[in-house]
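What follows is the residue order along each chain.
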Amino acid sequence: MEIQLWRERLLPYELAVHELVEKFNHLAREHRERNLYSPIEQVTGRVKSVTSILEKMQRKGIPFEEMEEQVEDIAGIRIICQFVEDIWRVADIVAHRSDMEIKCEKDYIRNMKESGYRSYHLVIYYTVETLNGPKKIQAELQIRTMAMNFWATIEHSLQYKYKTNIPPHVRERLSKAAEAIIALDNEMSSVRGEIMNAQNSSLLQRNLVMDILGNIENLYRKSSKREVEKIQDEFYRIYASNDLMKLKRFHQQLDVIAEGYRAQAVTCDPEM
Ligand code: 0O2
């Protein structure tokens, strides 16, 4: 295939990767905006290189006409989670979406690969809009924990260095490291509840502080400097006390004050 044709062929995959990364990042943002723990920690994506596609087709004896159906990971999205439980939540979210249709799953978590590789893969159908109309393509979602990703990244780079012949003593070390990763993930899962509570509180605190600062900034424009300084001092005092309940109450009170000024501004607006 000529290079120009490759580019044309891969263009919808580039669009799909771009859109999917944005959609999963948006999901994480939506959780945070609602003060909810996000099962998605990080999202990356890539379109498989032409060399890598050719290598896979050669290795699996895939003819050109079947490339798009049989090479399932031309568009690849990697979703990194904190805990193993988050992986199943992400999979569930994908299963319930109307813009992604699951073709198949490859569960290398319950069925670890011989190499020690662990990750949960979903091959999905996803439609992108192109100049020639809608095009349904495949994308591979690799969903894994940070610990699994750490192992896979190192092992992948060793595969490049040694090709298929990773020396037995390195293999053995990798295998031991894979066991340590399982133990680490299990350990983290056992304290997941506590970690999530702590993360939720700090998220809530962050959003409250951002809201409060926004309100104080607005009040600067509409109320007297002395009054705002008093409010600001009160905020610093409550913030320093590290008491989330007090911060919540202060946030509510400030909202009422700010609302009053907004109402005043509306009724006094000469444009009205
Ligand atoms: P890339 O783009 O460099 O990551 P396969 O026969 O395993 O090549 P298959 O059956 O089509 O491929 O799908 P599978 O097994 O789900 O693997 C697809 C991708 O999963 C691989 O892409 C890797 O990213 C990852 N993967 C699978 N097995 C391993 C493993 O043992 N170690 C690591 N580090 N990653 C693995 P590619 O094709 O390698 O390309």
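An unreviewed UniProt entry lists the chain under the name GTP pyrophosphokinase family protein, from Candidatus Pullilachnospira stercoravium. Its UniProt record gives the chain the following Pathway (unreviewed entry) comment, quoted word for word: "Purine metabolism; ppGpp biosynthesis; ppGpp from GTP: step 1/2."

Focus: the overall build of the chain
Of the regular secondary structure elements, the chain holds nine helices and five strands. Traced from its N-terminal end to its C-terminal end, the chain shows the element sequence α-β-α-α-β-α-β-β-β-α-α-α-α-α. A compact globule built from 272 residues should have a C-alpha radius of gyration of about 19 Å, whereas the chain, at 25 Å, is more than 25% larger. Counting only C-alpha atoms and orienting by the principal axes, one finds that the chain spans roughly 75 × 50 × 30 Å. Out of the 272 residues in the chain, the part that is buried amounts to 39%. Within the chain, counting contacts between residues at least 6 apart in sequence, those at least 24 apart form 65% of the total.

Observations concerning unusual backbone geometry
The backbone phi angle of N35 is positive, close to 60°, even though this residue is not glycine. Within the fold, N35 resides in the loop between α1 (3-33) and β1 (42-47). Take N35: its relative accessible area is 28%, and that puts it in the partly exposed class. Phi at N242 is positive, roughly 60°, even though this residue is not glycine. The residue N242 is located in the loop between α8 (225-241) and α9 (244-268) in this model.

Regarding the site of the ligand
Taken together, 18 residues lie around the ligand, and R46, R59, Y108, S115 and E155 are the ones closest in. Residue R59 places a side-chain N or O atom 2.9 Å away from an oxygen atom belonging to the ligand. Interatomic distance of 3.5 Å between a side-chain N/O atom of E140 and an oxygen atom of the ligand. Its free accessible area being 720 Å², the ligand has 82% of it covered by the protein chains. The element that contributes the greatest number of residues to the shell around the ligand is helix α5 (residues 146-162), accounting for four residues. Of the residues belonging to the shell around the ligand, the class tally is three nonpolar, five polar and ten charged.

Some thoughts on the pattern of salt bridges
Tallied over the entire structure, the rule returns 22 salt bridges. As a salt-bridge pair, K56 and D73 come within 3.2 Å of each other at their nearest N and O atoms. Of the two residues, K56 is situated in helix α2 (residues 50-60) and D73 in the loop between α3 (67-70) and β2 (75-81); the sequence distance between them amounts to 17 residues. By the burial criterion, K56 is buried, and D73 matches it. R97 is paired through a salt bridge with D99; the nearest N and O atoms lie 2.8 Å apart. Since its relative accessible area comes to 23%, D99 is described here as partly exposed. Counted as one network, the salt bridges with shared partners bring together R46, K48, K56 and D73.

Remarks on the UniProt feature "domain: RelA/SpoT" (unreviewed entry) in the chain
Those residues carrying the UniProt feature "domain: RelA/SpoT" (unreviewed entry) are residues 45-166 in this numbering. Span residues 45-166 is 36% helix and 34% strand, its end C-alpha atoms 27 Å apart.

Section: helix α4 (residues 84-95)
Structurally, the α-helix is built with 3.6 residues per turn, so residues lying three or four positions apart point the same way. The terminal C-alpha atoms of α4 lie 17 Å apart, and with twelve residues this matches the ideal 16 Å at 1.5 Å per residue to within 8%. Within α4 the residues assigned to the buried category are V84, D86, I87, V90, A91 and V94. Looking down the long axis of α4, one finds its buried residues gathered within 145° of arc, a one-sided arrangement.

Some words on the packing of aromatic side chains
Remark: the centre distance and the inter-plane angle together describe each pair of aromatic rings, the angle taken between the planes. Applying the stated criterion to the full structure yields seven aromatic pairs. When the centroid spacing of 5.2 Å and the interplanar angle of 85° are considered together, the rings of W88 and Y120 count as edge-to-face. Taken together, the residues W88 in helix α4 and Y120 in strand β4 (residues 120-130) connect sequence positions 32 residues apart. On the basis of relative accessibility, which here comes to 26%, the residue W88 falls in the partly exposed class. Here a set of aromatic residues connected by ring pairs shows up, and it is made of F235, Y236, Y239 and F250.

About the cut-offs
- Residues numbered from 1 in each chain as written.
- Predicted model: local features only at pLDDT ≥ 70, side-chain atom pairs only at ≥ 80, totals over all residues.
- Heavy atoms only, no water.
- UniProt positions renumbered as here; feature names shortened; annotations may be inferred.
- Helix = DSSP H or I, 4+ residues; strand = E, 2+ residues; numbered from the N terminus.
- Rg over C-alpha atoms; globule rule 2.2 N^0.38 Å.
- Buried < 20%, exposed > 50% of the residue type's maximum accessible area, 1.4 Å probe, protein only.
- Contact = heavy atoms within 4.5 Å.
- Near = heavy atom within 4 Å.
- Polar contact = N/O pair within 3.5 Å; in protein donor to acceptor, adjacent residues only side chain to side chain.
- Areas by Shrake-Rupley, 256 points an atom, 1.4 Å probe, with all protein chains shown as cover.
- Nonpolar A, V, L, I, M, F, W, Y, C, P; charged D, E, K, R; others polar.
- Salt bridge = Lys/Arg side-chain N within 4 Å of Asp/Glu carboxyl O.
- Expected span 1.5 Å × (residues − 1).
- Arc of directions from axis to C-beta.
- Phe/Tyr/Trp six-rings, centres within 6.5 Å; stacked < 30°, edge-to-face > 60°.

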